[in-house]
Amino acid sequence: MQRPHPPEDFALKETSPHLGGGGIAGDKLTSTYDLVEQMQYLYVRVVKAKDLPGKDVSGSCDPYVEVKLGNYKGTTRHFEKKSNPEWNQVFAFSKDRIQSSVVEVLVKDKDLVKDDIIGRVMFDLNEIPKRVPPDSPLAPQWYRLEDRKSDKVRGELMLAVWMGTQADEAFPEAWHSDAATVGGEGIANIRSKVYLSPKLWYLRVNVIEAQDLQPSDKTRFPEVYVKAILGNQALRTRVSQSRNTNPLWNEDLMFVAAEPFEEHLVLSVEDRVGQNKDEVLGKCVIPLHLVDRRLDYKAVHTKWFNLEKHVVVEGEKKKETRFASRIHLRICLDGGYHVLDESTHYSSDLRPTAKQLWKQSIGVLELGILSANGLLPMKTKDGRGTTDAYCVSKYGQKWIRTRTIIDSSTPKWNEQYTWEVYDPCTVITIGVFDNCHLHGGDKSGGAKDSRIGKVRIRLSTLETDRVYTHSYPLLVLHPSGVKKMGEVQLAVRFTCSSLLNMMHIYSQPLLPKMHYLHPLSVTQLDNLRHQATQIVSMRLSRAEPPLRKEVVEYMLDVDSHMWSMRRSRANFFRIMGVLSGLIAVARWFDQICNWKNPLTTVLIHILFIILILYPELILPTIFLYLFLIGVWHFRWRPRHPPHMDIRLSHAENLHPDELDEEFDTFPTSRPSDIVRMRYDRLRSVAGRIQTVVGDLATQGERLQSLLSWRDPRATALFVTFCLIAAIVLYVTPFQVVALLMGFYVLRHPRFRHKLPSVPLNFFRRLPARTDSML
């Protein structure tokens, strides 16, 4: 049996990188590119050449430029028969790998047998100027070409050569010496890139009625329903109860639509004429850009649409015959909802679709992706294990992908990115992947980029303006058990623009108002979330270069709702962990009753007598006690963000059968049809139970986090409230407080709001241990 890993293997580690080239000054950094370590590069910008002499028999030349530094050389594309070519290409050589004191720029003539050297320009590395942004870019200059003997030859080359860092504007598009083995189309797949998720809308189609339908069989009562298709989403209404040619439904169908709208909504009215046999009575196609958009629940005007019937005439093409049948619809794009495309536990964005409803941002999130250590080999190349790692990070609608570091188990990215923050109770996700598409497109025979692991950081657990530098373990669950794939080193800073605005957000509902005023059902939300993730992964996989489907689905936690014995056990023990506090209080009270500590028992008796004689002191004493506990716990507040915890996730010492079940396909791959049906039903029901159990655990953990300083701002607000409440209740007669509370609880429905109350909103924003769940 495999020995369990020592616990420290999976721990979060504090690091002290040399950020921004100058280290950390207090809690804040000084330079602009300050959350990463500076990496020095030698940049060579090859702009153009002029007056190049002809080298072949015809007197023309096919020029290209080769930039050579020690063992590394990069080449531009070549031009056919051109003596004044323009390349405008940048080459970057990492200073760590420079093994030469001279950089050589050669202009060559492409030939079938051997390429001729037209001329060259040499630079001594000690004399190359340094450039640090925001300095202006170095202006290129003309250099006369020389031959091997340093004699001037015909032709000139326009160049700029300088030493800079990864903060240079030329860095993202430059050819990199450490990727010299990757050529052609593969270069696009290794560069850093920023992507934007498509803007998602909920499309609501209210099918009201149809008129003057013409079924082919007039002798029977029609059984009519409406089928609606948008892209790969298909929904249908129930069969109309009015069995005539003017059926009535008044039923809502909900879809997810993404801008720019590529697909049309196709509605077809169908008659169920027999078992598995439907007759189409008419169709209509509605382009989404013509559909009304609304920000609230105000009624949208209904419209009548003509239904077209497609008739196939033998020997001729399909004809369209227009006739009097029509359908009555109320159709709109609901901009007041937030379209959920992530797991609700790890949402990075909670804003409504419509931009008009967005509030101003409350701060900025900065992420420095520094490096990774000890990455395991992910594939075999030339008989040895290798890893080509890159990072993807997602927050809000903005996705970023770092460049791929070729063949390294200790890659150094040192890339910095920024996001606007609209809500502190959100989560940023950082994933590390192995690039399996280095040699252009999908020529690798449908290979998928392998997941190395991911990190989630909840912003509300970060102190404002503090730089967090930690090394996070990358954990992945395999059919053989939990495996540490390496560590990723990050630098994170959350900067708040207005503390007042941020504190005010804690009193606001978590989701937009429409989710509470006109809620969607749990089943609807599940189906719509599935459609949203499919749309996002499809759109991003069509970007150039693509952010692949397997990467997007892993980042969005697509399979988080699937049944797992391990997750269910973990959620059960989370509930037990919450209840353990009540059990501890019961044991303490039992010790008081048994006089285990006489002094404490005497003090409790005195307190009990005081509270009986002066009942108005009960509430202020409780609040004062909570205030003192919160202040006392401040000393032990967590100093680092939460990370994946294998003990909390119950990923240690798993039974092989349970792992086999967790990695089983859905539906199951068992042979018997009956077993498959029952097993899948059991798993789906258990998945729901698992979610409910997890939600119960989340509520208890939120109660615990009130005083734990896991979310420093929320605890500060609650502790301050406790102090104010204690003071107010001390000076207010208890009978008055009890009377006011009674009247408030029994208030008339006219004075009640559908929106959640401020305390409930505050409570829902508190962090739970879901962030640390694997």
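What counts as what
Residues numbered from 1 in each chain as written. Predicted model: local features only at pLDDT ≥ 70, side-chain atom pairs only at ≥ 80, totals over all residues. Heavy atoms only, no water. UniProt positions renumbered as here; feature names shortened; annotations may be inferred. Helix = DSSP H or I, 4+ residues; strand = E, 2+ residues; numbered from the N terminus. Buried < 20%, exposed > 50% of the residue type's maximum accessible area, 1.4 Å probe, protein only. Contact = heavy atoms within 4.5 Å. Salt bridge = Lys/Arg side-chain N within 4 Å of Asp/Glu carboxyl O. Pairing = 2+ DSSP bridges. Patch = residues over 30% accessible without salt bridge, like charges linked within 9 Å, V, L, I, M, F, W, Y side chains within 5 Å. Areas by Shrake-Rupley, 256 points an atom, 1.4 Å probe, with all protein chains shown as cover. Axes fitted to C-alpha atoms, helices over the stretch in contact; angles between N-to-C directions.

Trainee: Can you help me understand the UniProt feature "transmembrane region" (unreviewed entry) in the protein chain in this one?
Mentor: On the UniProt side, "transmembrane region" (unreviewed entry) is annotated at positions that read residues 572-589, 601-634 and 716-746 here. Between the C-alpha atoms that bound residues 572-589 the distance is 26 Å, and the span itself is 100% helix and 0% strand. Structurally, residues 601-634 is divided into 85% helix and 0% strand, and its ends, taken at the C-alpha atoms, are 27 Å apart.

Trainee: Can you walk me through the environment of Gln690 in this structure?
Mentor: One can find Gln690 in helix H9 (residues 673-705). Judged by its relative accessible area of 6%, Gln690 falls in the buried class. Between the alpha carbons of Gln690 and Arg569 there is a distance of 8.9 Å; along the sequence they are 121 residues apart. Those residues within four positions of Gln690 in sequence are excluded, and the remaining contacts are Ser560, Met562, Trp563, Ser564, Arg567, Ser568 and Asn571.

Trainee: Please clarify how the pattern of salt bridges should be interpreted in this entry.
Mentor: A pair can form between side chains of opposite charge whenever their charged atoms are brought close. Inspection of the entire model under this criterion finds 37 salt bridges. The shortest N-O distance in the salt bridge between Lys379 and Asp388 comes to 2.9 Å. Lys379 gets classed as partly exposed once you look at its relative accessible area, which sits at 23%. Each member of the salt-bridge network shares a partner with another, and the members are Arg204, Asp252, Arg294 and Asp334.

Trainee: I tried to follow unusual backbone geometry on my own but got confused; where do I start?
Mentor: If a residue is not glycine, its phi is most likely negative; likewise, a peptide bond is most likely trans. With an omega of -10 degrees, the peptide bond between Glu259 and Pro260 qualifies as cis. For Pro260, the position within the fold is in the loop between strand E15 (248-259) and strand E16 (265-274). A positive phi angle, close to 50 degrees, is found at Asn250, a residue other than glycine. Turning to its location among the elements, Asn250 is positioned in strand E15.

Trainee: Hey, could you run me through the pairing of strand E25 (residues 398-401) in this one?
Mentor: Strand residues, when the strand is regular, have side chains that alternate between the two faces of the sheet. As paired strands, strand E11 (residues 193-196) and E25 are joined by 4 bridges and run antiparallel to one another. Following the sheet pairing, Lys193 is matched in E25 by Arg401. The sheet contact formed by strand E24 (residues 389-395) and E25 spans 4 bridges and is antiparallel. By the bridge assignment, Lys394 is partnered in E25 with Trp399. Remark: 2 residues form the turn of the hairpin made by E24 and E25, two consecutive strands paired antiparallel; Gly396 in that turn has positive phi of roughly 65 degrees.

Trainee: I tried to follow the sheet that holds strand E1 (residues 13-14) on my own but got confused; where do I start?
Mentor: Within a beta sheet, neighbouring strands are joined by backbone hydrogen bonds and run either parallel or antiparallel to one another. Reading across from one edge, E1-E29-E30-E21-E26 is the order of the 5 strands in this open sheet, with antiparallel pairing throughout. What marks the edges here is a single partner per strand, and that holds for E1 and strand E26 (412-421). Both strand E21 (residues 363-373) and E26 contribute to a ladder of 8 bridges, which runs antiparallel. Looking across to E26, one finds that Leu367 is bridged to Tyr417.

Trainee: So what exactly am I meant to see when it comes to a nonpolar patch on the surface here?
Mentor: Together, Trp595, Leu599, Val602, Leu603, Ile606, Phe608, Ile609, Ile610, Ile612, Leu613 and Tyr614 give the surface a local cluster of nonpolar side chains, amounting to about 1,100 Å² of exposed area. Tracing the chain through its elements places Leu603 in helix H6 (residues 598-613). Looking at Leu603, the relative accessible area reads 52%, which means it is exposed.

Trainee: Could you clarify how one ought to interpret the sheet that holds E11 in this entry?
Mentor: The sheet built from 5 strands is open, its strands ordered E11-E25-E24-E27-E28 with antiparallel pairing. On the outer flanks of this sheet lie E11 and strand E28 (450-458), each paired with one strand and no other. Going from strand to strand, the sheet's axes swing by 20 degrees on average, the running direction of each strand aside. Pairing geometry for strand E27 (residues 427-434) and E28, over 8 bridges, is antiparallel. The residue of E28 that forms the bridge with Val432 is Gly453.

Trainee: Looking at this structure, how should I read the environment of Val47?
Mentor: In this structure, Val47 sits in strand E2 (residues 40-50). For Val47, a relative accessible area of 13% puts it in the buried group. Taking the C-alpha atoms as reference points, Val47 and Met158, separated by 111 residues in sequence, lie 5.4 Å from one another. In contact with Val47, other than residues within four places in its own chain, are Glu86, Trp87, Asn88, Pro140 and Met158.

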